[in-house]
Amino acid sequence: MALVAPALTTARLRLRPVADADVDALFALHSDARVLRYWDAPPWTDRARAERFVRASRQLADDGAGVRLAVHVDSQFIGWCSLSRWNPDFRSAAIGYCYGESAWGHGYATEAARALLTWAFDTLDLNRVQAETDTRNTASARVLEKLGFVREGTLREDCVVDGVVSDSWVYGLLRREWTPA
């Protein structure tokens, strides 16, 4: 069953499905080594990766597995957030996001994730949302904790990117713990 990726607005942000028009901005975002220093893959070096990302974003919704939304302040692309691994039987999904350095420290990640979570809990009748973040990425951990996620454990040495081994924290948010405002 396909999912219709929503268009969402907040006080400062506009979220809409990732589109072909985002290719250059996505390539700039994912080719920035500083942005991806805690990511589970190295920075992109080929613009075709951004084109595949857009196609994969469409396929995610077409397969009914989730949605990926571009996030804008005014008309400026600042990053994206996603809901993936949607399982209607278990009423669960995973959330993820990536933002450019100019967007850091303004509360945009929290604001966009809150809008996406509100949509997901209301529309998909979720019971649980999971997230993972590199243990060195304290800013991402703060975003999750501000949203009400609880750190549930550590995946030890679960990523090796460019020879660097890292741990990840696993977070969970239950419907009964969710406060949308």
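It should be noted that the structure appears before, not after, this text.
Residues numbered from 1 in each chain as written. Predicted model: local features only at pLDDT ≥ 70, side-chain atom pairs only at ≥ 80, totals over all residues. Heavy atoms only, no water.

Draft legend 1. View of the overall build of the chain. Summing up its helical and strand segments, the chain has four helices and eight strands in all. Listing every helix and strand of the chain by position from the N terminus yields β-β-α-α-β-β-β-α-β-α-β-β. Taken over C-alpha atoms, the radius of gyration comes to 16 Å for the chain, in line with the 16 Å a tight globule of 181 residues would show. Principal axes of the C-alpha set define a box for the chain whose edges measure 40 × 35 × 30 Å. The buried share among the 181 residues of the chain stands at 47%. Looking at the chain alone, contacts between residues at least 24 apart form 62% of all its contacts between residues at least 6 apart. Total accessible area on the chain stands at roughly 9,300 Å², and carbon and sulfur atoms take up 49% of it. (Helix = DSSP H or I, 4+ residues; strand = E, 2+ residues; numbered from the N terminus. Rg over C-alpha atoms; globule rule 2.2 N^0.38 Å. Buried < 20%, exposed > 50% of the residue type's maximum accessible area, 1.4 Å probe, protein only. Contact = heavy atoms within 4.5 Å. Areas by Shrake-Rupley, 256 points an atom, 1.4 Å probe, with all protein chains shown as cover.)

Draft legend 2. Highlighting the packing of helix H1 (residues 23-30) against helix H2 (residues 48-62). Packing of H1 against H2 brings their axes to within 8 Å, and their N-to-C directions diverge by 115°. Taken as axis vectors, H1 and H2 run roughly perpendicular relative to one another. Every pair of crossing elements has a handedness; the one defined by H1 and H2 is right-handed. Of H2, the residues touching H1 (which contributes Val23, Leu26, Phe27 and His30) are Ala50, Glu51, Phe53 and Val54. Residues of the contact of H1 with H2, tallied by class, amount to six nonpolar, one polar and one charged. (Axes fitted to C-alpha atoms, helices over the stretch in contact; angles between N-to-C directions. Parallel < 35°, antiparallel > 145°, perpendicular 65-115°, else oblique. Left-handed = near helix turned anticlockwise from the far one by under 90°. Nonpolar A, V, L, I, M, F, W, Y, C, P; charged D, E, K, R; others polar.)

Draft legend 3. Region of interest: the environment of Thr9. Structurally, Thr9 is set in strand E1 (residues 8-9). Accessibility expressed as a relative area gives 64% for Thr9, which makes it exposed.

Draft legend 4. Highlighting the pairing of strand E7 (residues 150-161). The sheet contact formed by E7 and strand E8 (residues 164-174) spans eight bridges and is antiparallel. Counterpart to Val161 in the pairing with E8 is Val164. Linking E7 to E8, which pair antiparallel, is a turn of two residues; within it Asp162 sits at a positive phi near 50°. (Pairing = 2+ DSSP bridges.)

Draft legend 5. Inspection of the environment of Arg12 at higher detail. Locating Arg12 in the fold gives a position in the loop between E1 and strand E2 (13-17). For the pair Arg12 and Phe27, spaced 15 residues apart in sequence, the C-alpha to C-alpha distance is 24 Å. Other than its neighbours up to four places away in sequence, Arg12 contacts His72, Val73, Asp74, His106, Gly107, Tyr108 and Glu111. Polar side-chain contacts of Arg12 include one of 2.9 Å to the backbone oxygen of His106. Engagement of the side chain of Arg12 in a polar contact is seen with the side chain of Glu111, the distance being 2.7 Å. (Polar contact = N/O pair within 3.5 Å; in protein donor to acceptor, adjacent residues only side chain to side chain.)

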